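# Overview (structure and organization)
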Amino acid sequence: MTVTPWEVSGEIDYEKLIEKFGTEHITKSLINKISMLAGENHFHLRRKVFFSHRALDWILDMYENGSKFVLYTGRGPSGDTHIGHIVPWVFTKFLQDKFDAKLYFQLTDDEKFLINPSISGKKALNLTYENALDVIAVGFDQRKTYIISDMEHAGPMYNIAIRIAKHVTGSTAKAVFGFTDSSNIGIQFFPAIQATPCFIESILQGHNVPCLIPAAIDQDPYWRVSRDIAPKLGFYKPAQIHSRFLPGLGKGGKMSSSMPETCIFLTDSTRQAKKKIMNAFTGGRATVKEQKKLGGNPDICSVYLYEQFLFEPEDIGIKVINEDCRSGKLLCGEHKLKFAEKVEKFLIEHQHKREKARDVVESYLLNSDEVLKCVLKDWEA
Ligand code: TYM
């Protein structure tokens, strides 16, 4: 398996990833603690959609002792947003609501410009705007969410990033991110930009504020570097909570925009989405007769996984689907039709919210001048 910020492929063994990346399991007692503090046990925790962490116990202890944390997550605008991207956002919204937390949301238009030869600066900025509409449509709190466009907000971002970059050697960047001599120097600097939002709130407040990052585990290399340099700059190490990947509609592999026919995009028409769902890979048998007799296998079924990750939050609902699939009572075609209805309803609602977001997008953007002023003042200190 390969799991890097730019490539996820092969059969993903999450246990091995925990070992390889040196992260920790989210234990039952940690789930109980978040649930106790949040007043709710989120289905992403119960179902191990979020399965691994760094320093989550520390950040919850800090919270219990009166230190509120900020949240930080993001998106690399390489195309339209798909339903896999919103898995961490749904959980981030839960954390924002329950812990009354500010959220920094980074849109890495610079990263996509640097890494993708077919993305011009103009296209990256346009995709940033379009993706920001999806972020807003997920329902983040307007008063507590700060969307960053790296290219638009380059002033404060650059001034923080160079402090970080000064402590990351070329050999560390090569070892962590796999850069080679043919990687352009822009992308080799970029990890410092992705580390930057971890520290914005501490700079604004003039004292250390803990930061928690929910994301799928592909982003972990950035946090290794961020955690390494944080104490050198006098900041707390940022904490992380890692999710698994929502698979594509085909057999195995994560949902990835590079294979559009296996993705449900948030901008797909209901007809397009239904067509893709009806062609999806499931855990069904070769014939209806066989399936009725032997049952299906939800563990390998993309449709079942979408229910589990996003569309069926109720435990009783997911239990019924699981049992009916295994017993042969629920056939794949029938499940696909029912699931397509849920997705159609979701898309109609999301796209409605997305259109309304056009009116408020400005109010979600980071106040770049204010942050730059603080950053420059902090330089003098
Ligand atoms: P990007 O755009 O590749 O992914 C955005 C977010 O979605 C997660 N993700 C998935 N989660 C579940 N199932 C999938 N199939 C799936 N595919 C992607 C990613 O882990 C990520 O959380 N460089 C980043 C942008 C970024 C960022 C951040 C992400 C900047 N700062 C802070 C997370 C946290 C990127 O290109 O993400």
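Below you will find a few notes about this structure. (Residues numbered from 1 in each chain as written. Predicted model: local features only at pLDDT ≥ 70, side-chain atom pairs only at ≥ 80, totals over all residues. Heavy atoms only, no water.)

## Remarks on the sheet that holds strand S6 (residues 103–107)
The seven strands lie next to each other as S3-S4-S9-S8-S5-S6-S7, forming an open sheet whose pairing is mixed. Edge positions in the sheet fall to strand S3 (24–25) and strand S7 (145–149), since each of these pairs with one other strand and no more. Bridge analysis of strand S5 (residues 70–75) against S6 gives five bridges, and the strand direction is parallel. Looking across to S6, one finds that Tyr-72 is bridged to Tyr-104. (Pairing = 2+ DSSP bridges. Helix = DSSP H or I, 4+ residues; strand = E, 2+ residues; numbered from the N terminus.)

## Here we look at the packing of helix H10 (residues 185–195) against helix H12 (residues 220–229)
Packed helices, taken two at a time, are described by their axes: the angle between them and the distance between them. It is at 9 Å that the axes of H10 and H12 come closest, and there the two elements cross at 75°. It follows from the interaxial angle that H10 and H12 lie roughly perpendicular. On the side of H10, the interface is formed by Phe-190, Pro-191, Gln-194 and Ala-195, while H12 contributes Tyr-222, Trp-223 and Ser-226. In terms of residue class, the contact of H10 with H12 is made up of five nonpolar, two polar and no charged. (Axes fitted to C-alpha atoms, helices over the stretch in contact; angles between N-to-C directions. Parallel < 35°, antiparallel > 145°, perpendicular 65-115°, else oblique. Contact = heavy atoms within 4.5 Å. Nonpolar A, V, L, I, M, F, W, Y, C, P; charged D, E, K, R; others polar.)

## Here's the deal with the packing of helix H15 (residues 302–311) against helix H17 (residues 332–357)
Between H15 and H17, whose axes approach to 11 Å, the crossing angle comes to 35°. Note that H15 runs across H17; the crossing there is left-handed. Here Val-303, Tyr-304, Tyr-306, Glu-307 and Phe-311 of H15 come into contact with H17, specifically with His-335, Lys-336, Phe-339, Lys-342, Val-343 and Phe-346. (Left-handed = near helix turned anticlockwise from the far one by under 90°.)

## Notes on the nonpolar core
One finds Ile-83, Leu-212, Ile-241 and Tyr-306 to be the most contacted residues of the largest nonpolar core, which totals 65 residues. Residues within four places of Ile-241 in sequence aside, it is in contact with Ile-26, Ile-34, Leu-45, Phe-50, Ser-52, His-53, Leu-56, Phe-91, Leu-212, Ile-213, Pro-214 and Ala-215. Judged by nonpolar contacts, the second largest core, of 32 residues, contains Tyr-104, Ala-195, Cys-211 and Val-225. (Core = buried A, V, L, I, M, F, W, Y, C linked by side-chain atoms within 4.5 Å. Buried < 20%, exposed > 50% of the residue type's maximum accessible area, 1.4 Å probe, protein only.)

## Side note on the pairing of strand S8 (residues 211–216)
For S8, a buried count of six out of six residues is recorded, marking the element as mostly surrounded by other parts of the structure. The sheet contact formed by S5 and S8 spans two bridges and is parallel. Within S8, the position partnered with Val-70 by the bridge is Cys-211. Across five bridges, S8 lies against strand S9 (residues 239–243) in parallel orientation. Within S9, the position partnered with Ala-216 by the bridge is Ser-243. Note that the unit made of S8, H12 and S9 has a crossover that is right-handed. (Right-handed = clockwise from strand over helix to strand, strands pointing away.)

## What about the site of the ligand?
Close to the ligand lie 24 residues; Arg-75, Gly-76, Gln-194, Asp-218 and Leu-246 are nearest. A distance of 2.8 Å separates a nitrogen atom of the ligand from a polar side-chain atom of Tyr-72. Within the backbone of Met-255, an N or O atom sits 3.2 Å from a nitrogen atom of the ligand. Taking 680 Å² as the accessible area of the ligand by itself, protein coverage stands at 98%. Of all elements in the fold, only S5, helix H6 (109–115) and S8 reach the threshold of two or more residues within the shell around the ligand. It is S5 that contributes the most residues to the shell around the ligand, four residues altogether. In the shell around the ligand, the residues fall into nine nonpolar, nine polar and six charged. (Near = heavy atom within 4 Å. Polar contact = N/O pair within 3.5 Å; in protein donor to acceptor, adjacent residues only side chain to side chain. Areas by Shrake-Rupley, 256 points an atom, 1.4 Å probe, with all protein chains shown as cover.)

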